[in-house]
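Next come the chains, spelled out residue by residue.
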Amino acid sequence: MRSEDSALRLAGLIGLGVLIWLVYLSWTFYLERTAISDAAWFSWLMIDTGLPQSFLGRYGSFLSELIPVGLIYADAPLETVLRTYSLCLIGIHVVLFWLVVVKFRDVRGAILLPLTLVTGLHFMFYYGTSELNQGLSFTVLVWVLLRKAMDAEGKQERRRWGIIVFLVSVWTSFYHQVLLLPLLFLIGLEFIARRRWRDKWSWMLAAALVGWYVLRIKLLATSAYEQERMPGATDLLGLLPELGSLRSTQYLLSVFPKFKAFWLLLLAVLTGIALTRKWLLAAWTGIFSGALLVVVLITDRD
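The structure displayed is predicted, hence computed values, not measured ones. (Residues numbered from 1 in each chain as written. Predicted model: local features only at pLDDT ≥ 70, side-chain atom pairs only at ≥ 80, totals over all residues. Heavy atoms only, no water.)

What follows covers the pattern of salt bridges. Applying the stated criterion across every chain, the model contains 9 salt bridges. Taking the shortest distance from any N to any O, the salt bridge between Glu190 and Arg147 comes out at 3.9 Å. Within this pair, whereas Glu190 is found in helix α9 (residues 180–194), its partner Arg147 is found in helix α7 (residues 131–151), the two being separated by 43 residues in sequence. Its relative accessible area of 3% is what places Glu190 among the buried residues. (Salt bridge = Lys/Arg side-chain N within 4 Å of Asp/Glu carboxyl O. Helix = DSSP H or I, 4+ residues; strand = E, 2+ residues; numbered from the N terminus. Buried < 20%, exposed > 50% of the residue type's maximum accessible area, 1.4 Å probe, protein only.)

Grouped together as the largest cluster of nonpolar side chains are 40 residues, with contacts concentrated most on Leu113, Leu141, Leu145, Leu146, Val165 and Leu205. Among the secondary structure elements, those contributing two or more residues to this core are α1 (2–28), α5 (78–103), α6 (107–118), α7, α8 (155–173), α9 and α10 (200–219). In terms of residue count, α7 provides more of this core than any other element does, 9 residues in total. The residues contacting Val165, other than those within four sequence positions of it, are Val142, Leu145, Leu146, Ala149, Leu205 and Leu209. (Core = buried A, V, L, I, M, F, W, Y, C linked by side-chain atoms within 4.5 Å. Contact = heavy atoms within 4.5 Å.)

Here the focus is a nonpolar patch on the surface. A contiguous nonpolar surface patch, about 300 Å² in accessible area, is contributed by Leu13, Leu16 and Ile20. Structurally, Leu13 is set in helix α1. (Patch = residues over 30% accessible without salt bridge, like charges linked within 9 Å, V, L, I, M, F, W, Y side chains within 5 Å. Areas by Shrake-Rupley, 256 points an atom, 1.4 Å probe, with all protein chains shown as cover.)

Tracing the chain through its elements places Glu131 in helix α7. Residue Glu131 is classed as buried on the basis of its relative accessible area, which comes to 6%. When residues no more than four places from it in sequence are discounted, the contact partners of Glu131 are Phe42, Arg58, Ser61, Tyr175 and His176.

It is at 9 Å that the axes of helix α3 (residues 37–49) and helix α4 (residues 66–73) come closest, and there the two elements cross at 45 degrees. As the angle between them shows, α3 and α4 are arranged oblique. The hand of the α3/α4 crossing is right-handed. Taken together, the residues of α4 that come into contact with α3 (itself represented by Met46, Ile47 and Thr49) are Pro68, Val69, Ile72 and Tyr73. (Axes fitted to C-alpha atoms, helices over the stretch in contact; angles between N-to-C directions. Parallel < 35°, antiparallel > 145°, perpendicular 65-115°, else oblique. Left-handed = near helix turned anticlockwise from the far one by under 90°.)

In this section: the environment of Ala7. Relative to the assigned elements, Ala7 resides in helix α1. You can call Ala7 partly exposed: its relative accessible area is 32%. Spatially, the C-alpha atoms of Ala7 and Gly238 are 48 Å apart, while their sequence positions differ by 231 residues.

Here is the structure:
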């Protein structure tokens, strides 16, 4: 117990340092985060209408816009509104980190959440309005709650944690439907790590979480834009032999060396695998990540 508390304290302090640095950057570079590209469109519509804005049914973005909208109604200066908007975009992650560390005391979540914010950041720091990036921290919280639900003993305790993780996952799905993919990865990770192949409760829980996303994708706010971008089996099989020549692949190869935090993470993962010899987890991680990368490159080929 003492070693676990020490690990949580260390992970919490490191994560807090990362988040403080991101808060500082969000304060300093607020215009770059709220007044260029799609972010500028969000900001203008929010100021023009006086209402929170969302597109393609991604209503989760409302959460970071509530305080800026309140400042708009209070006739606050434009700089105050935009700077606050930039801080709110990172502030959601800070609150989630507090929940993971203080409320649920989860070491793994305390490590993973800051990593999701910085590992592949690069230019995405200036695209804070990205619903996918906002939803990743909520997906980390879903993972923490999922493990709580799997570890719960007794029907009442399981039901309580099951309802909580389901509701949080439902909310998370309203950031971006693609968040189904990291959810699938984390569910697979837990099944492999725990060897829960015959546990009915775990299967029911996983089916409920994934089933909601399927329902959300099929029935709720599916746009023509998203349908056109999502590749079918024919696209995947037809373009797979040409993967190396796709513009998306060429772009990835040109910018990939800049993601230094990712290389450090990859080195840490490989070292961990070598020390623990958890080859099945390593295979799941490699296969899932490789397949996901192929899908992304084909989807964004133009």
